[in-house]
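Listed here are the chains, written in short residue letters.
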Amino acid sequence: MNVDRVDRALIAELSKDARLSIRTLAERVHISRTAAHKRVQNLIANGVITGFSAHVDRKSIGLNVTALVIVTIGDASFPGMAAALAELPFVESVLAVSGDIDFVVTVSAPDHEKLSAVILQQIHEMPGVIATRSHLVLDERAGNAPGALPDTWQL
């Protein structure tokens, strides 16, 4: 699918606030409501927009500690290991990465005890895992969502 300037503007607005009405979205992008609706539906149908979500403050729901867990695997299958990691409790994301490590796993838990249990008793003990390293998150700042700055895209 060819994503043009108008599509990028729609994506940018939805990246900032996914709850915008089609009317507001059309006004902000300076197109008709019909065109905005059609374009958003097209972006969804073509897999450009893969979903809409809410950003949740972890601490407000009792997830008080977050860590990035670096995972190195041996002969295990990448897709199988990624799927197994993603199924563990408190795992938010699993990123397969290049370099001397294989995955970066974001884990948020209510306390250090539960975080340690996930890392030491579940991730570290998984068949195929060679090593783990954990880094506690001390502070977090949101960056720009994909598409939030349409003028910077080089297509």
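Residues numbered from 1 in each chain as written. Predicted model: local features only at pLDDT ≥ 70, side-chain atom pairs only at ≥ 80, totals over all residues. Heavy atoms only, no water.

Q: Pulling in residues and values, what's your account of the overall build of the chain?
A: In terms of helices and strands, the chain carries five helices and four strands. Here the chain has a C-alpha radius of gyration of 20 Å; the compact-globule value for 155 residues is 15 Å, and the former is much larger. Each principal axis of the C-alpha distribution contributes one length, and for the chain these read about 55 × 35 × 25 Å. The buried share among the 155 residues of the chain stands at 32%. A sequence separation of at least 24 residues applies to 65% of the contacts in the chain between residues at least 6 apart. Within the structure as shown, the chain displays about 10000 Å² of accessible surface, and the carbon and sulfur contribution to it stands at 52%. Charged side chains in the chain number 14 positive and 17 negative. The centres of these two groups are separated by 13 Å. (Helix = DSSP H or I, 4+ residues; strand = E, 2+ residues; numbered from the N terminus. Rg over C-alpha atoms; globule rule 2.2 N^0.38 Å. Buried < 20%, exposed > 50% of the residue type's maximum accessible area, 1.4 Å probe, protein only. Contact = heavy atoms within 4.5 Å. Areas by Shrake-Rupley, 256 points an atom, 1.4 Å probe, with all protein chains shown as cover. Lys, Arg positive; Asp, Glu negative; His and termini not counted. Charge placed at Lys NZ, Arg CZ, Asp CG, Glu CD.)

Q: How would you explain the packing of helix 2 (residues 22-29) against helix 3 (residues 33-45) if you had to name every residue and give the values?
A: Taken N-terminus to C-terminus, the directions of helix 2 and helix 3 make an angle of 105°; their axes are 8 Å apart at the nearest point. As summarised for this structure, helix 2 and helix 3 are arranged roughly perpendicular, according to the angle between their axes. Judged by residue contacts, Ile22, Arg23, Leu25 and Ala26 of helix 2 engage Arg33, Ala36, His37 and Val40 from helix 3. (Axes fitted to C-alpha atoms, helices over the stretch in contact; angles between N-to-C directions. Parallel < 35°, antiparallel > 145°, perpendicular 65-115°, else oblique.)

Q: Tell me about the nonpolar core, and name the residues and values.
A: Counting 19 residues, the largest nonpolar core has Val69, Val71, Leu85, Val105, Val107 and Ile123 as the members making the most contacts within it. It is strand 1 (residues 65-73) that provides the largest number of residues to this core, a total of five residues. For Ile123, the residues in contact, after removing those within four places along its chain, are Val69, Val71, Leu85, Leu88, Val105, Val107, Val118, Val129 and Thr132. (Core = buried A, V, L, I, M, F, W, Y, C linked by side-chain atoms within 4.5 Å.)

Q: Report on the packing of helix 1 (residues 5-16) against helix 3, specifying residues and quantitative values.
A: Relative placement of two packed helices is described by the angle separating their axes and the distance separating the axes. The geometry of helix 1 relative to helix 3 is characterised by a closest axis approach of 10 Å and an angle of 85° between their N-to-C directions. When the axis of helix 1 is compared with that of helix 3, the two are roughly perpendicular. Between helix 1, through Val6, Asp7, Leu10, Ile11 and Leu14, and helix 3, the contact on the second element is made entirely by Arg39, Val40 and Leu43. For the contact of helix 1 with helix 3, a count of residues per class yields six nonpolar, no polar and two charged. (Nonpolar A, V, L, I, M, F, W, Y, C, P; charged D, E, K, R; others polar.)

Q: Please set out the environment of Leu14 residue by residue, giving values where relevant.
A: Following the sequence through the fold, Leu14 ends up in helix 1. C-alpha of Leu14 to C-alpha of Gln122: the two residues are 108 residues apart in sequence and 37 Å apart in space. When residues no more than four places from it in sequence are discounted, the contact partners of Leu14 are Leu25, Val40, Ile49 and Phe52.

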